[in-house]
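What follows is each chain in one-letter form.
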Amino acid sequence: MDFVNALILLLNYIFVPALAYGSQLALGAIFVTLIYGILRFANFATGDMMAFGTMCTILFTWYFQSVGISFGVLPTALIAIPFAIVFMISYMLVIDKFVFKYYRANKSPPVQLAMVSIGVMFVTQAVVRIIIGPSDRRFFDGEKFLIKAGEFKEITGLNEGLAIKSTQVITIIVTLILVSTLFWFLNKTKTGKSMRAYSDNEDLALLSGIDPKKIVMITWIIAGILATIGGTLYGLDKSYKPFTYFNNMLPIFAAAIVGGIGNPFGAFLGGYVIAFSEILLTYAYRKFFMYVLPESMEPDGLVQLLSTDYKFAVSFSILVIVLLYRPSGIFKGKVL
Amino acid sequence: MRKNLNVIAAYSIMMGLIILVGIFQSWNIALSIFNLCLISAVMTMGANIQWGYAGLINFGIMGFTALGGLAAVLISVDPVQEAWSAGGFNILSSFFLLIVVVLAVRYVLKNYKKSKNRSYIVATIIILGIIIIRFISEPGIEAIEEVNPAKTGFLGGLGLPIIFSWIIGALFAGGLAFVIGKVALGLRADYLAIATLLISEIVIAIIKHEDWLTRGVKNVIGLKRPAPYEVNLQQTDWFINLVEKFNLSKLNMIPDLAERQAALNQFVIEGSSIFVKLCYSGLFLVVVIILLILTQKALYSPWGRMMRAIRDNEEAANAMGKNVVKQHLLIFVLGSAIVGIAGAMLVTQDGLFTPGSYRPLRYTFLIWVMVIIGGSGNNFGAILGGFVVWFLWIEAAPIGLYLVNLTTAGLDDTHFLKVHLIESVPYFRFLMMGIGLLLIMRYRPKGILPEKIEIK
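Residues numbered from 1 in each chain as written. Chains lettered and ligands numbered in written order. Predicted model: local features only at pLDDT ≥ 70, side-chain atom pairs only at ≥ 80, totals over all residues.

1. Brief notes about the overall build of chain B
The number of helices and strands found in chain B is 19 helices and 0 strands. C-alpha atoms of chain B, sized along the principal axes, occupy 90 × 60 × 55 Å. Taking contacts inside chain B between residues at least 6 apart in sequence as the whole, the part at least 24 apart equals 82%. (Helix = DSSP H or I, 4+ residues; strand = E, 2+ residues; numbered from the N terminus. Contact = placed C-beta atoms within 7 Å.)

2. Observations concerning the overall build of chain A
From N to C terminus, chain A includes 13 helices and 2 strands. Whereas a compact globule of 336 residues would reach a radius of gyration of roughly 20 Å, chain A reaches 21 Å, a difference of no more than 12%. Overall size of chain A, expressed as C-alpha extent along the three principal axes, is 70 × 55 × 35 Å. Out of the 336 residues in chain A, the part that is buried amounts to 46%. Counting contacts in chain A only where the partners sit at least 6 residues apart, residues at least 24 apart contribute 76% of the total. (Rg over C-alpha atoms; globule rule 2.2 N^0.38 Å. Buried ≥ 20, exposed ≤ 12 C-beta atoms within 10 Å, placed from the backbone.)

3. Some points on the domain arrangement of chain B
All names here are of chain B. Here chain B is described as being made up of domain 1 (5–79 + 156–443) and domain 2 (80–155). On a C-alpha basis, the centroid separation for the pair domain 1 and domain 2 is 34 Å. On the side of domain 2, 11 residues touch domain 1, which itself brings 7 residues to the contact. A per-class count over the side of domain 1 that touches domain 2 returns 3 nonpolar, 2 polar and 2 charged. (Domains from an automatic or database assignment. Nonpolar A, V, L, I, M, F, W, Y, C, P; charged D, E, K, R; others polar.)

4. Some points on the nonpolar core
One finds A:Ala254, A:Ala255, A:Ile257, B:Val42, B:Ile338, B:Val369 and B:Leu437 to be the most contacted residues of the largest nonpolar core, which totals 209 residues. Ranked by the residues each element gives to this core, the list is headed by helix 2 (residues 27–54) of chain B, at 17 residues. Residue contacts for A:Ala255: discarding those within four places in its chain leaves A:Leu25, A:Ala26, A:Ala29, A:Ala267, A:Gly270, A:Gly271 and A:Ile274. (Core = buried A, V, L, I, M, F, W, Y, C linked by C-beta atoms within 7 Å.)

5. Overview of the interface of chain B and chain A
Taken together, the contacts link 32 residues of chain B with 34 residues of chain A. Only helix 7 (189–209), helix 16 (360–374) and helix 19 (428–443) of chain B provide two or more residues apiece to the side of chain B that touches chain A. The leading source of residues in the side of chain B that touches chain A is helix 7 of chain B, at 14 residues.

6. Examining the packing of helix 3 (residues 77–105) of chain A against helix 9 (residues 212–237) of chain A
Residues and elements named next belong to chain A. Between helix 3 and helix 9, whose axes approach to 8 Å, the crossing angle comes to 135°. Looking at the two axes, helix 3 sits oblique to helix 9. For the pair helix 3 and helix 9, the crossing hand works out as right-handed. Facing helix 3, whose interface residues are Ala77, Ile81, Ala84, Ile85, Met88, Ile89, Met92, Leu93 and Asp96, helix 9 presents Val216, Met217, Trp220, Ile221, Ala223, Gly224, Ile225, Ala227, Thr228, Ile229, Thr232 and Leu236. Among the residues forming the contact of helix 3 with helix 9, the class breakdown is 17 nonpolar, 3 polar and 1 charged. (Axes fitted to C-alpha atoms, helices over the stretch in contact; angles between N-to-C directions. Parallel < 35°, antiparallel > 145°, perpendicular 65-115°, else oblique. Left-handed = near helix turned anticlockwise from the far one by under 90°.)

7. Let's talk about the environment of B:Ile199
In this fold, B:Ile199 is placed in helix 7. Its 23 C-beta neighbours within 10 Å are what place B:Ile199 among the buried residues. Sequence separation between B:Ile199 and B:Gly60 is 139 residues, and the spatial gap between their C-alpha atoms is 6.8 Å. Dropping the residues within four chain positions of it, B:Ile199 is found in contact with A:Phe316, A:Val320, B:Gly60, B:Gly63 and B:Ile180.

8. Description of the environment of A:Thr54
Residue and element names in this part refer to chain A. Position of Thr54 among the secondary structure elements: in helix 2 (residues 46–67). C-beta crowding within 10 Å serves as the criterion here: with 31 such atoms nearby, Thr54 is assigned to the buried category. Sequence-wise, Thr54 and Pro242 are 188 residues apart; in three dimensions their C-alpha atoms are separated by 9.3 Å. In this structure Thr54 touches Gly231, Thr232, Gly235 and Tyr240, once residues within four positions along its chain are discounted.

9. Notes on helix 13 (residues 311–325) of chain A
Between its first and last C-alpha atoms helix 13 of chain A spans 22 Å; for 15 residues at 1.5 Å apiece the expected length is 21 Å, and the two agree. Among the residues making up helix 13 of chain A, those that are buried are A:Phe312, A:Ala313, A:Val314, A:Ser315, A:Phe316, A:Ile318, A:Leu319, A:Val322 and A:Leu323. Looking at the buried positions of helix 13 of chain A, the neighbouring elements they touch are helix 10 (242–258) and helix 11 (264–282) of chain A together with helix 7 of chain B. (Expected span 1.5 Å × (residues − 1).)

10. Quick look at helix 5 (residues 116–146) of chain B
Residues and elements named next belong to chain B. With 31 residues, helix 5 extends 44 Å between its outermost C-alpha atoms, agreeing within 8% with the 45 Å of an ideal straight helix rising 1.5 Å per residue. Where helix 5 bends most, the angle comes to about 35°, and this point is Ser137, followed within four residues by the proline Pro139. When helix 5 is considered as a whole, its buried residues turn out to be Ser137, Gly140, Ile141, Ile144 and Glu145. Buried-residue contacts for helix 5 involve helix 4 (81–111) and helix 8 (211–214). Note on helix 5: the residue one or two positions beyond its end, Asn148, has a positive phi of about 45°. (Bend = angle between axes of the 7 residues up to and from the residue.)

11. Some details on unusual backbone geometry
Residues and elements named next belong to chain B. Positive phi values are uncommon outside glycine, yet Arg215 reaches one of about 65°. Mapping Arg215 onto the fold places it in the loop between helix 8 and helix 9 (230–233). For Asn219, which is not glycine, the phi dihedral falls at a positive 65°. Topologically, Asn219 is positioned in the loop between helix 8 and helix 9. The class for Asn219 is partly exposed, based on 14 C-beta atoms found within 10 Å.

12. A few points about the packing of helix 7 (residues 190–200) of chain A against helix 9 of chain A
All names here are of chain A. Running from N to C, helix 7 and helix 9 cross one another at 105°; their axes reach a closest spacing of 10 Å. In terms of axis orientation, helix 7 runs roughly perpendicular to helix 9. In contact with Thr191, Ser194, Met195 and Tyr198 of helix 7, helix 9 contributes Pro212, Ile215, Ile218 and Thr219. Of the residues that constitute the contact of helix 7 with helix 9, the class distribution is 5 nonpolar, 3 polar and no charged.

13. Quick word on the environment of B:Pro79
Residue and element names in this part refer to chain B. Position of Pro79 relative to the elements: it lies in the loop between helix 3 (61–76) and helix 4. According to the C-beta neighbour criterion, Pro79 is partly exposed, with 14 such atoms within 10 Å. Separated by 81 residues in the primary sequence, Pro79 and Leu160 have C-alpha atoms spaced 9.9 Å apart. The residues contacting Pro79, other than those within four sequence positions of it, are Trp84, Gly156, Gly157, Leu158 and Gly159.

Below, the structure written as structure tokens:
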């Protein structure tokens, strides 16, 4: 019985939250990796673009809520996402037309494009803060828990409760659907294949008649979808604050690079690697050992490898180690 | 003279703007802007050495700034005797152990051939070392943090004049840069950017949460000053006489003696804070000028030429027998050290160390905007960038307010759009920086004062 309790404990505090957080990171990381693979620069505006997409969702959610449209037990934000995506994509295409296109046409080095993306970062940040303000926003409605800790205890008769938030389940399901559609698109459709070809070798792709304008546009569209959904899921699960989104850019970068930048599947897994290691290393295992070990061997301290303050530091250290020993990432990068 | 006309013009306009602020807002504001401009200028010089001279991207400026600030604390604060006796031994012995671990790893790496076994041995040494160090340091840390936590709760510093920290800050930052450089400089440009950005976050996390060393988010306040205190100045005779002399014409217009005395007091209070700021300006100006002379000399020396050669064509420089790796490391360390000086200066001026205030936007990306807008590769350009961008960063709010009022003049004062826009005026500075950066990158990619290399 103690063993089951210990398992439920880990499931409740480590596995489920890490899976949800990892999915949110994974979407962002695929976004970074797509931009890197096809447009060939590190996009420092990632976090703020996600904040922009989420802001659109929130505004639509508020509108729907005021009109009285709701999605039953599911959060209203899910209906708002498609509308937000339209706004997000048009914002990205506008930015691409007025900012990035020029440098792409001039074949500027990636570093210059990265600098330009910092300009975009500042502008997006300003736009987001001017429209919705810097404060914390909650826009979740509908049923909050799928399984409540108390109910779970009652049903199973265990000491440990398992609480699963509906946002966690939504996050995981939406991520799986989105990512599998994306991989299907990249691997099976003609457009997807031409995107991969373009990412692999630009000149050869051009020679074989692939239209670069179309590729770039589709990349931004996919990126817009990923950013909006990823950002909204994060906001639903935790809360929406523009500054947090800016900070999230860092673990997202870490995930993308750990998985092998330019490789969407690597980025997808990288998100989970980062999320799990962050949570595994900063979790206090005291209670777990109390269940597993006999009473005489119970630990005194918290049995915490690192304090939770170093959550971010964990993912960055992993990144640094990966960069040193396997600069191309766990999965070889540079090819879509 | 003629060749430098644009430089002189740009700087005169900048000084003119600051003087205008002094006339229209107040000399206090103008001087505080000027002082921070000088500090920003030091930071941009550091970034410019790395980016402009050598083409290295360092997005870890925030980390080096914070280390400089840490140096200011560790140098100037008086040592906390009680804390030292409580946990000093444990900290020192774990520090000693840390050195042993590093040496052991180095020894293994040097004397054994690369193999799987070697990696395992290194990993074991590191993990064992960390565990032992944690066991030794934990009681010490707890003991230290329990010593009067409201006021100290940390080891304190050396109790030396804070000015020394400017040099120590440079050493700290240079040391960290050496380690990072050894590890990360082989990476491609954009990887280096991301890696340094993340490493600087780690540095901040450590500074924030190691309370025994830095007091963490509890902040260290009331650091010693290299300049006199306002309160003391207000009671010194020569200072009062000086203020009286300056404001004689204004004071003479007041016939009543009591009123005259009150006015004089007001002038003295204002004057004292201006005087203190002027002291700082003088100190900072000395640093900026010394650094400017050194960097200019370096730029035109054979070494500077070599750096540009490496920047422009690494392979060719390598083929000519230049040690690219070593030079990159050197310049990374030098640039970071300069940023460290700026970090110490910043804390010196503020008189307080607040680890929570180090944010990448303000201390990394803004500095980069300065370098790029000012003109990378040109020291005068980088300094100008520091001035222009900091000036705009501060004055953006008033300008934004003016613009909002202008564009929404037709609207009612309580109209929701106008109220909302006026509330969000502080964020117009982001917009200005972003658009400024984008415009400069597009239409003047080399900055306001572009790099000009004369061959003498």
